[in-house]
2 protein chains.
Amino acid sequence: MRSPKEMRDLFRKNERVMTTSDLCPHYLQTNLISLPYEYAFDFLLFCKRNPKACPLIEVLEPGQVEPTTAFGADIRTDVPKYRVYKNGQFSKEVLNLYDDWCDSFVTFLIGCSFTFEKALVEQGIQLLHQEQQRVIPMYRTTIPCQSVGMFTGNMVVSMRPLKPSEVDQAIDITSKFETSHGSPVHIGDPNEIGIEDINHPDYGESVDFEEDRVPVFWACGVTPQNVLEKAGIPIFVSHAPGHMFITDSVEEYR
Amino acid sequence: MRSPKEMRDLFRKNERVMTTSDLCPHYLQTNLISLPYEYAFDFLLFCKRNPKACPLIEVLEPGQVEPTTAFGADIRTDVPKYRVYKNGQFSKEVLNLYDDWCDSFVTFLIGCSFTFEKALVEQGIQLLHQEQQRVIPMYRTTIPCQSVGMFTGNMVVSMRPLKPSEVDQAIDITSKFETSHGSPVHIGDPNEIGIEDINHPDYGESVDFEEDRVPVFWACGVTPQNVLEKAGIPIFVSHAPGHMFITDSVEEYR
């Protein structure tokens, strides 16, 4: 089992490009958003007002690239894959941010539900996206976020199909991981939160599951990508969905 | 017993100018900071990094004056007394902010230890500053805050002298009020946190107490005044220490 630093080094050298879902169990994984300073106040306040979708782990001041949660790391290189958005449109996926980095960028590390997956597996809960080696499926919903200025929109969720007998236990476990999205935001019928086809996720990959399983939905740190894209700001960068930043912090829950 | 709205109306009309320490028990009271938008990101991040001194209740976007925690209120008039700071210096105390308000001001409502005082009193703990009708004594300390850019400095604390037998109970009670500074930051010898003379507070008024009482110190929302003053920004406004904004929110603890 490789350490977070070893994995970050592999990502830095582009020797691996993969979802981080079952890597480095017990370590905190994060979503990444870097955007120009002029939007940083509004976005920081957006995170404060939407703690379920955007639980803040750390904020790096303008131009800073080394988080306190990962000594020696560089957030421009140590994520397996990035997305660049320009003028409200997805522009490209890249393996590092050297060409698209601006010194005015403020970076936000936002908690990720991958952090609590090991705790679920340890209780015998089978995670199909891991077994099927898929990037976890994520969906845009009709659940509204609290707005700040031009930052407005709906929540993105990740989905894990569970056995009915596992649902209560999964709620109990994940509710303790407050900085990693905590308890589910929806259980059951996807239509109720505006998801038309569970087999066509908006991000990640579809997971095969039998009808006796219940889809369980957690708030997802891809929500800001959805909201920032809609706001049409000139540029921002993020991790590619499912390809997270792995910190040296051991998961914390309360 | 007057409601928060009734008290705010009295303050708005300048019919009362007083410390809010024992007013509207069970309602959340807050510190107030309003500052120009250009400093708002750094200050919001300062609050996030220093949650003990600066637990955020609410942030109002530029120019907004009505909090969601107090319907119909106006933060420019509904605090009993304000302070205006210019170029890093205390400038004046005023009863409303009409002359000093800027449309670019972003307002931060920060939790206050007055919120948990009723819970202490209900458990039979005598609060001497209330009995002696003094503004609670507050002190600059040597406890460092986490810095953000130019915002750097030490924590300000409030002090309540308790009987030794009450200290454990006071810790238990106040630790539940996380958004109102929570548990004490220091108990006992004031010198250990850089307070030279307990009888000469930096803010508020001295409280008389016998030697058998223990001074107990809580993080205080006057900390930002200390930090912003030191940073020397052109202008910011705050409540006058001890003269808080009273919201309509019933105290919440976890």
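Residues numbered from 1 in each chain as written. Chains lettered and ligands numbered in written order. Predicted model: local features only at pLDDT ≥ 70, side-chain atom pairs only at ≥ 80, totals over all residues. Heavy atoms only, no water.

Draft legend 1. View of the relation of the copies chain B and chain A. Superposing chain B onto chain A requires a rotation of 180° together with a translation of 0.0 Å along the rotation axis, leaving an RMSD of 0.0 Å. One copy is carried onto the other by what is essentially a two-fold rotation axis. Across chain B, the rotation axis passes nearest the C-alpha of Phe41(B), at a separation of 2.1 Å. Comparing interface residues between copies, 100% of those in chain B also lie at the interface in chain A; the contact surface is shared. (Least-squares fit on C-alpha atoms with pLDDT ≥ 70 in both. Contact = heavy atoms within 4.5 Å.)

Draft legend 2. Inspection of the interface of chain B and chain A at higher detail. Across the boundary between the two partners, chain B contributes 20 residues, which contact 20 residues of chain A. Regarding the contact of chain B and chain A, the summed buried area is about 1,600 Å², with carbon and sulfur atoms giving 56% of it. Counting across the interface, chain B meets chain A through 2 salt bridges. Note that Arg49(B) is salt-bridged to Glu61(A), the shortest N-O span being 2.8 Å. Here chain B is connected to chain A by 6 residue pairs in polar contact (both at pLDDT 80 or more). At 7 residues, the largest contribution of residues to the side of chain B that touches chain A is made by helix 2 (residues 40-49) of chain B. Counted by class, the side of chain B that touches chain A contains 11 nonpolar, 2 polar and 7 charged residues. (Buried area = accessible area lost by both parts, 1.4 Å probe. Salt bridge = Lys/Arg side-chain N within 4 Å of Asp/Glu carboxyl O. Polar contact = N/O pair within 3.5 Å; in protein donor to acceptor, adjacent residues only side chain to side chain. Helix = DSSP H or I, 4+ residues; strand = E, 2+ residues; numbered from the N terminus. Nonpolar A, V, L, I, M, F, W, Y, C, P; charged D, E, K, R; others polar.)

Draft legend 3. Representation of the sheet that holds strand 7 (residues 154-162) of chain A in the model. Residue and element names in this part refer to chain A. Read across the sheet, 4 strands follow the order 6-7-9-8 without closing on themselves; strand pairing throughout is antiparallel. A single partner strand is all that each edge strand has here, and the edge strands are strand 6 (138-144) and strand 8 (186-187). Of the strand pairs in this sheet, strand 8 and strand 9 (residues 214-219) are connected by 2 bridges, and their pairing is antiparallel. What sits directly across from His 186, in strand 9, is Phe 217. Helix-sheet contacts for helix 5 (residues 167-175) involve strand 7, strand 8 and strand 9, and the interaxial angle to strand 9 is about 10°. Each of strand 6 and strand 7 touches helix 6 (residues 223-231); the most contacted strand, strand 7, lies at about 150° to it. (Pairing = 2+ DSSP bridges. Axes fitted to C-alpha atoms, helices over the stretch in contact; angles between N-to-C directions.)

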